[in-house]
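# Analysis of the macromolecular model
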Amino acid sequence: MMEELLEIKKNEFLRQFEALVDNELITIEFAEQERKMFLTKMVISDHLIEDGYKEKMIKSVLDLLKEEEVKVVPTCKEVKSFIRRNKFLYQSMLPVGIAL
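Attention in this report is confined to the structure presented alongside it. No experiment lies behind these values; they were computed from the predicted model shown.

Turning to the sheet that holds strand β2 (residues 16-21), a few remarks are in order. Across a sheet, strands are paired by hydrogen bonds formed along the backbone, either parallel or antiparallel in direction. As summarised here, the arrangement of the five strands in space is β1-β2-β3-β4-β5, forming an open sheet in which the pairing is mixed. In this open sheet, the two edge strands, each paired with only one partner strand, are β1 (9-11) and β5 (71-74). Across the sheet, the axes of successive neighbouring strands diverge by a mean angle of 30°, strand direction being ignored. Summarising the sheet, strand β4 (residues 36-43) and β5 pair through four bridges and their orientation is parallel. When the sheet's bridge partners are listed, F38 is paired in β5 with V73. Along the sheet face, helix α3 (residues 77-85) touches β3 (24-33), β4 and β5 and points at about 120° away from the line of β5.

Shown next, in the form of structure tokens:
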């Protein structure tokens, strides 16, 4: 079964990735510097976390950035621990010198 990915919108104005689930917004805030994407903060409601949307949101954003060949610097704990758990998939996205 294919894991469903969320439809991600990159909101340049608010500097965040957004996904709408059950009329609720999940966001991951970012800062961009020199072809690096700093993922700084995740906002998601508890019941969406319970339904597994935290993982789906992070995976969707990382897969999007992987396609664009952008290096990722995870500074929020949710994204850090996700990358740590899925090292073989996302390790290559970390800039040189960044270890989790």
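Moving on: the pattern of salt bridges. Note that side chains of opposite charge can pair when their charged atoms are close. Enumeration according to the criterion identifies seven salt bridges in this entry. Linking E32 and K10 is a salt bridge whose minimum nitrogen-to-oxygen distance equals 3.5 Å. Taken together, the residues span a long stretch of sequence, with E32 in strand β3 and K10 in strand β1 at a distance of 22 residues. For K10, a relative accessible area of 28% gives the class partly exposed. Linking E34 and K36 is a salt bridge whose minimum nitrogen-to-oxygen distance equals 3.9 Å.

Thresholds, definitions, all that
- Residues numbered from 1 in each chain as written.
- Predicted model: local features only at pLDDT ≥ 70, side-chain atom pairs only at ≥ 80, totals over all residues.
- Heavy atoms only, no water.
- Pairing = 2+ DSSP bridges.
- Helix = DSSP H or I, 4+ residues; strand = E, 2+ residues; numbered from the N terminus.
- Axes fitted to C-alpha atoms, helices over the stretch in contact; angles between N-to-C directions.
- Contact = heavy atoms within 4.5 Å.
- Salt bridge = Lys/Arg side-chain N within 4 Å of Asp/Glu carboxyl O.
- Buried < 20%, exposed > 50% of the residue type's maximum accessible area, 1.4 Å probe, protein only.

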